[in-house]
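The primary structure of each chain is shown beneath.
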Amino acid sequence: MLYAMLAYHVEAEVTSWTAEEDAALMTELLAVHDRLNAKKLLGPAARLGATAEARTLRGPGAGMVIDGPFAETKEQLLGLYVLNCADEEEAIGIARDLHRVNPSAVYEIRPIRLYLPGESLPETAQEG
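The chain is annotated in an unreviewed UniProt entry as YCII-related domain-containing protein of Bradyrhizobium algeriense. In UniProt, the chain has this text filed under Sequence similarities (unreviewed entry): "Belongs to the YciI family."

**Student:** Residue-level account of the overall build of the chain, with values.
**Tutor:** Counting its secondary structure elements, the chain contains three helices and six strands. Listing the helices and strands of the chain from first to last along the sequence gives β-α-α-β-β-β-β-α-β. In the chain, 74% of the contacts between residues at least 6 apart in sequence involve partners at least 24 apart. A total of about 8,500 Å² of accessible surface is found on the chain, and carbon and sulfur atoms cover 55% of it.

**Student:** Describe the layout of surface pockets, naming the residues involved and giving the relevant values.
**Tutor:** Empty space within the largest pocket amounts to approximately 440 Å³. Taken together, 26 residues make up the lining of the largest pocket; nearest its centre are V14, M26, R47, L78 and G79. Elements that contribute at least two residues to the lining of the largest pocket include exactly β1 (2-9), α1 (11-16), α2 (19-38), β2 (42-47) and β5 (76-84). Per element, the largest residue contribution to the lining of the largest pocket is five residues, and it comes from α2.

**Student:** Could you give an account of the nonpolar core, with specific residues and numbers?
**Tutor:** As a rule of thumb, nonpolar side chains are buried together in soluble globular proteins. Core analysis: the largest hydrophobic core is formed by 18 residues, its most contacted members being M5, L36, Y81, L83, I94, L98 and Y107. Those elements that provide at least two residues to this core are β1, α2, β5 and α3 (88-101). Setting aside anything within four residues of it in sequence, one finds L98 in contact with M5, L29, V32, H33, Y81 and Y107.

Reading the values: the criteria
- Residues numbered from 1 in each chain as written.
- Predicted model: local features only at pLDDT ≥ 70, side-chain atom pairs only at ≥ 80, totals over all residues.
- Heavy atoms only, no water.
- UniProt positions renumbered as here; feature names shortened; annotations may be inferred.
- Helix = DSSP H or I, 4+ residues; strand = E, 2+ residues; numbered from the N terminus.
- Contact = heavy atoms within 4.5 Å.
- Areas by Shrake-Rupley, 256 points an atom, 1.4 Å probe, with all protein chains shown as cover.
- 1 Å grid on protein atoms, 1.4 Å probe; cavity = no way out; pocket = protein on both sides within 12 Å on 5 of 7 lines; lining within 4 Å.
- Points joined across faces, edges and corners; volume = space filled by probe spheres on them.
- Core = buried A, V, L, I, M, F, W, Y, C linked by side-chain atoms within 4.5 Å.
- Buried < 20%, exposed > 50% of the residue type's maximum accessible area, 1.4 Å probe, protein only.

See below:
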């Protein structure tokens, strides 16, 4: 089953880190990534650009493009992972591994319903 893990954090805190602090955290996160890759559980992962560079499309018809991210929250969505897990329990376990090395981040875990014509990929189980 595929799960999206959305990584939320207070953006001002992340951007205040020194290059050395950021590199130290990334070293620890990459160790978790290596363990996940060894088990073939980790799909694409990304650190997103600054929320000041985000744009949101909303509204009827062609929509209107507005500056900024999607919602006003204390934490901002700053990254994501795509995981191929046997079940939700395994996905939560991976979130705990990531949280151990980045305890101030918040990880949201959501099943993915994926559609890519011509691609054969595992699919998250349907509810009910």
